[in-house]
Amino acid sequence: MSAQFPRADFSLVFPPDPGWVRTAREAVRTALHTAKRTDLTDTALLLTSEAVTNAVNACRTSGCSAPVTLYAEWGPYGTLRVLVSDDAPGLPAQPLARDTADAESGRGLLIIGSSATDWGVCHHGPGPGKAVWFQVSGASS
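Just so it is clear, the structure is predicted and the values come from calculations on it, not from any experiment.

S.K.: Which parts of the structure should I look at to understand the sheet that holds strand β4 (residues 118–123)?
M.R.: Working definition: the strands of a sheet are paired by backbone hydrogen bonds and lie parallel or antiparallel to each other. The sheet built from five strands is open, its strands ordered β1-β2-β3-β5-β4 with antiparallel pairing. Of all the strands in the sheet, just β1 (10–14) and β4 have a single pairing partner and so form its edges. Direction aside, the axes of adjacent strands within the sheet are offset by 15° on average. Seen against the sheet, helix α2 (residues 41–62) touches β1, β2 (68–74), β3 (80–86) and β5 (130–136) and runs at an angle of roughly 175° to β5.

S.K.: Got a minute to help me understand the pattern of salt bridges in this structure?
M.R.: A pair can form between side chains of opposite charge whenever their charged atoms are brought close. Under the criterion given, the structure shown has four salt bridges. As a salt-bridge pair, E26 and R29 come within 3.1 Å of each other at their nearest N and O atoms. Remark: R29 and E26 occur in helix α1 (residues 20–34); sequence separation between them is three residues, near one turn of the helix. Residue classification places E26 among the partly exposed residues on the basis of a relative accessible area of 32%. In this structure, R37 engages D39 in a salt bridge whose closest nitrogen and oxygen atoms are separated by 2.7 Å. Residue classification places D39 among the partly exposed residues on the basis of a relative accessible area of 42%.

S.K.: Help me out: how do you make sense of the nonpolar core in this one?
M.R.: Most often, soluble globular proteins have nonpolar side chains that are buried together. Of all hydrophobic cores here, the largest spans 33 residues; its most connected members are V28, V52, L70, L80, V84, I112 and F134. The element that contributes the greatest number of residues to this core is α2, accounting for eight residues. With residues up to four places along the chain from it excluded, the contact list for L70 reads F10, S11, L12, F14, A24, V28, T48, V52, V82, L83 and V84.

S.K.: Help me understand α1, please; the structure alone is not making it clear to me.
M.R.: Counting along an α-helix, one turn takes 3.6 residues, and residues three or four places apart therefore face a common direction. Relative to the 21 Å expected for 15 residues at 1.5 Å per residue, α1 spans 21 Å between its end C-alpha atoms, a close match to the ideal helical length. Every buried residue belonging to α1 is among V21, A24, V28, A31 and L32, and all of these are buried. Seen from one end, α1 has its buried residues packed into an arc of 100°, which puts them on one side. Residues R22 and H33 are exposed on α1 and point more than 90 degrees away from its buried face. Looking at the buried side of α1, the elements it contacts are β1, α2, β2 and β3.

S.K.: Before we go on, may I ask you to explain α2 in this structure?
M.R.: Under the 1.5 Å per step criterion, the end-to-end length of α2 is 31 Å for 22 residues, consistent within 8% with the ideal 32 Å. What α2 keeps buried is the set T41, A44, L45, L47, T48, S49, E50, A51, V52, A55, V56 and C59. Those residues of α2 that are buried are in contact with β1, α1, β2, β3, α3 (108–115) and β5. G63 occupies a position one or two residues after α2 and carries a positive phi of about 80°.

S.K.: Looking at this model, I keep getting lost on the state of the cysteines. Mind explaining?
M.R.: Covalently bonding the sulfur atom of one cysteine to the sulfur atom of another cysteine gives a disulfide. Under the definition given, this model contains zero disulfides. No disulfide involves C64; its nearest neighbouring cysteine sulfur is the one of C59, lying 3.9 Å away.

S.K.: Could you clarify how one ought to interpret the packing of α1 against α2 in this entry?
M.R.: Interhelical geometry of α1 versus α2 gives an angle of 150° and a closest axis separation of 9 Å. As summarised for this structure, α1 and α2 are arranged roughly antiparallel, according to the angle between their axes. Where α1 crosses over α2, the handedness of that crossing is right-handed. Of the residues in α2, those touching α1 at V21, A24, R25, V28, R29 and L32 are T41, A44, L45, T48, S49, V52 and T53.

So, how was this worked out
- Residues numbered from 1 in each chain as written.
- Predicted model: local features only at pLDDT ≥ 70, side-chain atom pairs only at ≥ 80, totals over all residues.
- Heavy atoms only, no water.
- Pairing = 2+ DSSP bridges.
- Helix = DSSP H or I, 4+ residues; strand = E, 2+ residues; numbered from the N terminus.
- Axes fitted to C-alpha atoms, helices over the stretch in contact; angles between N-to-C directions.
- Contact = heavy atoms within 4.5 Å.
- Salt bridge = Lys/Arg side-chain N within 4 Å of Asp/Glu carboxyl O.
- Buried < 20%, exposed > 50% of the residue type's maximum accessible area, 1.4 Å probe, protein only.
- Core = buried A, V, L, I, M, F, W, Y, C linked by side-chain atoms within 4.5 Å.
- Expected span 1.5 Å × (residues − 1).
- Arc of directions from axis to C-beta.
- Disulfide = S-S within 2.5 Å.
- Parallel < 35°, antiparallel > 145°, perpendicular 65-115°, else oblique.
- Left-handed = near helix turned anticlockwise from the far one by under 90°.

Below is the structure:
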């Protein structure tokens, strides 16, 4: 008998405005709830907040007005994959832990890297944009 894994892939496209971070989190929360994977909620929401905030900040800093896109999909064994892309130029800096000990910002990738099952940063499309992606899986995965 094979296990039934959730299917509820979705995307959300929104302007690079901080007000959309909450909406992105709630979309991920809804996907986890409907898939009965609430065991992933705390980690997935934290990482979604960090990735979306980084994308919004990158766009606002560079003057990029193109939308930010969040795409979520279910991978093998109930693993949730989230990708957040923006069209701001350059890849995000990956600070060392010692550089951010007292910083009020700039720890997003450290948080993602320490909490995700897997993660990465890549260029996407023909333009200057990039994407930050992460995967989370729980005890039942």
